[in-house]
Amino acid sequence: MVALAVTAGAAAVPGSAHAALREPDRVEAAAPAPDRDPRRDGPRPHPSGSRPPEGVPAAVGVRLLDAPLNRRDDTRAHKYIVDHVNPGTTIRRRIVVANASQVERDVEIYPAAAEVSGKGFGYGPGRTENELVSWIRVDQTQAELGPDDETTVWVTIRVPEAAEAGERYAVVWAETAGGDGHMVKQVARAGIRVYLSVGPGGEPPSGFQIASPTGSRDRDGIPVVTAEVQNTGRRALDLTGELWLSDGPGGLSVGPVRAEARTLPLDGRTTIRIALDRRLPDGPWQARLALASGWTKRTVTGEINFGTARPAATRADRSDLVLTTGAAGSVLILLLFILYTYRRRTRQPVPIN
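This one's a predicted model, so the numbers in the text were calculated from it and none came from an experiment.

Right, let's get into the pattern of salt bridges. In the structure shown here, the tally under the stated rule is 16 salt bridges. The salt bridge involving Arg-63 is made with Glu-150; its shortest N-O contact spans 3.6 Å. Separated by 87 residues along the polypeptide, Arg-63 in strand β2 (residues 60–64) and Glu-150 in strand β9 (residues 150–158) bring together distant segments of the chain. In this structure, the salt-bridge partner of Asp-83 is Arg-93, at a minimum N-O distance of 2.7 Å. Of this pair, Asp-83 sits in strand β3 (residues 81–85) while Arg-93 is found in strand β4 (residues 90–99), placing the two residues 10 residues apart along the sequence.

Okay, here's the thing in structure tokens:
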């Protein structure tokens, strides 16, 4: 049996793997990497030391070191490999691969296919290839790392001269394996996403629209703010942002609260859903939602309310009930009065002449 834990652009579970990753100095202009094909180099020989013991959870982390100078304000480019290039271009980026477990591990580094659909950013199974994967090389395909050890790996992407225009997706993975001491083999991997746009001229525009936010409460009474988002540009989007509520009952305000959505494909739509504290009053509130994908940003505002108005039909039905009950009571009183009068008249003695 195999257990697989996957993350992207961060340390992989299980355990506190994030603690093993030290924040790097930012390098914004990648220097040339050695011009060689790592696939011919083969894996490094394993040292003569003992193999990792069973029962220690496998964990690996990966982070990006380089971002292009023209994207210093693009937050996505500091997390993923995001770029637009002309056919025939070669780009290089450095990533750091870290062993986030307590024992020595063999870590494999390789690119694999990915896609963006209505379900978000999807990873291909195993080492599935696509066109972009065939353009990617890493200068280390395997590394032996001690506990909390790390290594720097060069990723080179060579775009053919005959490449057609369009955006392509892949992931550069770092993978390691371990056992639980029984019959389960545990595989952990973490990766850096690649969003590569190819085509002559400038980069295709990115853009999106946000509908006015709305408020409601779910079945458990938790207040929720929702907003519809549509990708109107020509590149996939990774949307993150913040929500603020102000001018609430008694002058209350809330925020910022983190907002996030899955990766949006071209022409894609999704619903941003932000759950809040159930103790918040219904409102009204003034809402401001700010979202961004890289350097493309949008903000929308609107008045929301978490309460639901009582339907008019319910009030009408209750009024009809009151009127009907009142009429029935009046008829009953009238009948009782007639009966009382009749009984009194029948009991009076009849005079004898």
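Our next topic: the layout of surface pockets. Each pocket or cavity is described by its volume, and for the largest pocket that value is around 430 Å³. Along the wall of the largest pocket there are 22 residues; nearest its centre are Lys-79, Tyr-80, Asp-238, Thr-240 and Glu-260. Elements represented by at least two residues in the lining of the largest pocket include exactly β6 (120–123), β16 (254–260) and β18 (285–293). For the lining of the largest pocket, the class distribution of residues is six nonpolar, six polar and 10 charged.

Further remarks concern the environment of Ala-190. The residue Ala-190 is located in strand β11 (residues 185–198) in this model. Ala-190 sits in the buried class, given a relative accessible area of 0%.

In this section: the sheet that holds strand β15 (residues 240–246). Pairing in this open sheet of four strands is antiparallel, and the strands run β16-β15-β18-β19 from one edge to the other. In this open sheet, the two strands that pair with only one neighbour each are β16 and β19 (296–304). Looking at each pair of strands side by side, their axes are set apart by 20 degrees on average, direction ignored. In the sheet, β18 pairs with β19 via nine bridges, with the strands oriented antiparallel. From the neighbouring strand, Ala-290 faces β19, where its bridge partner is Thr-299.

Calculation criteria
- Residues numbered from 1 in each chain as written.
- Predicted model: local features only at pLDDT ≥ 70, side-chain atom pairs only at ≥ 80, totals over all residues.
- Heavy atoms only, no water.
- Salt bridge = Lys/Arg side-chain N within 4 Å of Asp/Glu carboxyl O.
- Helix = DSSP H or I, 4+ residues; strand = E, 2+ residues; numbered from the N terminus.
- 1 Å grid on protein atoms, 1.4 Å probe; cavity = no way out; pocket = protein on both sides within 12 Å on 5 of 7 lines; lining within 4 Å.
- Points joined across faces, edges and corners; volume = space filled by probe spheres on them.
- Nonpolar A, V, L, I, M, F, W, Y, C, P; charged D, E, K, R; others polar.
- Buried < 20%, exposed > 50% of the residue type's maximum accessible area, 1.4 Å probe, protein only.
- Pairing = 2+ DSSP bridges.
- Axes fitted to C-alpha atoms, helices over the stretch in contact; angles between N-to-C directions.

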